[in-house]
Amino acid sequence: MIPRLSGPTLINAVFDVMSYDWIEKGLTDLRSGLEFIRTNMPFDIPVEHVESVYKYIKQFLDDNIKIEIEEMAKATREDVVLMPPGNCIHFYRDGVSVTGKKISCEFFDSLEISRTMLDDHLVGIGYNRMLLDYMRHHLEDYQFVFDQNIV
């Protein structure tokens with residue numbers, strides 16, 4: 001098994017996540033939250049006060065956070081080589097279980113970020129589980145276990 005995450009790949013992924021401009025979506029959530037509070041409090045909160053809070057937070061985000069997001073977007077990304085040597089079997093989740101395919105190593109020229117990425121690549125049991133699921137499906141024996149621990 002060859003994990004396709006390298007130091008430069010992780011650095012670039014962090015830059016990409018940190019440069020994501022979430023402000024408009026955050027402001028939409030803020031507006032919904034403020035409206036929920038205004039309509040569900042046992043006392044009246046004037047719309048002007050809600051708008052005042054919204055404008056204050058929007059201005060803060062524009063003056064402070066947006067600048068940092070723009071700086072991260074401009075940050076120099078590391079050169080990444082994700083081509084492992086030899087032949088590779090790429091294991092991936094197919095929506096039902098795990099599928100493995102023999103592929104060209106050139107497939108690894110990019111990184112797909114998913115919510116299971118850490119579990120799949122950085123935790124030893126992730127590979128064990130992936131390979132076990134693959135073997136059970138491949139052999140059509142869902143009780144299959146390895147004779148010894150593979151991790």
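Conventions used here
- Residues numbered from 1 in each chain as written.
- Predicted model: local features only at pLDDT ≥ 70, side-chain atom pairs only at ≥ 80, totals over all residues.
- Heavy atoms only, no water.
- Helix = DSSP H or I, 4+ residues; strand = E, 2+ residues; numbered from the N terminus.
- Expected span 1.5 Å × (residues − 1).
- Buried < 20%, exposed > 50% of the residue type's maximum accessible area, 1.4 Å probe, protein only.
- Arc of directions from axis to C-beta.
- Contact = heavy atoms within 4.5 Å.
- Core = buried A, V, L, I, M, F, W, Y, C linked by side-chain atoms within 4.5 Å.
- Phe/Tyr/Trp six-rings, centres within 6.5 Å; stacked < 30°, edge-to-face > 60°.
- Lys NZ or Arg CZ within 6 Å of the ring centre and 35° of its normal.
- Axes fitted to C-alpha atoms, helices over the stretch in contact; angles between N-to-C directions.
- Parallel < 35°, antiparallel > 145°, perpendicular 65-115°, else oblique.
- Left-handed = near helix turned anticlockwise from the far one by under 90°.
- Nonpolar A, V, L, I, M, F, W, Y, C, P; charged D, E, K, R; others polar.

## Section: helix 2 (residues 23-40)
- Between its first and last C-alpha atoms helix 2 spans 25 Å; for 18 residues at 1.5 Å apiece the expected length is 26 Å, and the two agree.
- Of the positions making up helix 2, those classed as buried are Ile23, Leu27, Leu30 and Leu34. Each buried residue of helix 2 sits inside an arc of 55 degrees when the element is viewed along its axis, so together they form one side. Along helix 2, the residues that are exposed and aim more than 90 degrees away from the buried face are Lys25, Asp29 and Phe36.
- Among the structural elements, helix 3 (47-74) are those in contact with the buried residues of helix 2.

## So, the nonpolar core
- If you look at the biggest cluster of nonpolar residues, it comprises nine residues: Ile23, Leu27, Leu30, Leu34, Ile45, Val50, Tyr54, Leu61 and Ile69.
- Breaking this core down by element, the ones donating at least two residues are helix 2 and helix 3.
- Discounting chain neighbours no more than four positions away, the residues touching Ile45 are Ile37, Arg38 and Val50.

## Digging into the packing of aromatic side chains
- Taken as a whole and judged by the stated rule, the model has one aromatic pair.
- Relative to Phe146, the ring of Phe144 lies with its centre 5.1 Å away and its plane at 80 degrees, an arrangement referred to as edge-to-face.
- Phe144 sits in the buried class, given a relative accessible area of 17%.
- Seen from the ring of Tyr54, Arg31 lies directly overhead, with NZ or CZ sitting 3.8 Å from the centre.

## Points about unusual backbone geometry
- Non-glycine residue Glu140 carries a positive phi angle of around 55 degrees.
- Here Glu140 is to be found in the segment after helix 5 (124-139).
- On the basis of relative accessibility, which here comes to 67%, the residue Glu140 falls in the exposed class.

## Examining the packing of helix 2 against helix 3
- Contact pair helix 2 / helix 3: the axes reach a minimum separation of 10 Å and the direction vectors enclose 160 degrees. Accordingly, the angle class assigned to the pair helix 2 and helix 3 is roughly antiparallel. Like other packed secondary-structure pairs, helix 2 and helix 3 cross with a definite hand, here right-handed. Between helix 2 and helix 3, the residues in contact are Ile23, Leu27, Leu30, Arg31, Leu34 and Arg38 and Val47, Val50, Glu51, Val53, Tyr54, Ile57, Lys58, Leu61, Asp62, Ile65, Lys66 and Ile69, respectively.
- The residue makeup of the contact of helix 2 with helix 3, split by class, is twelve nonpolar, no polar and six charged.

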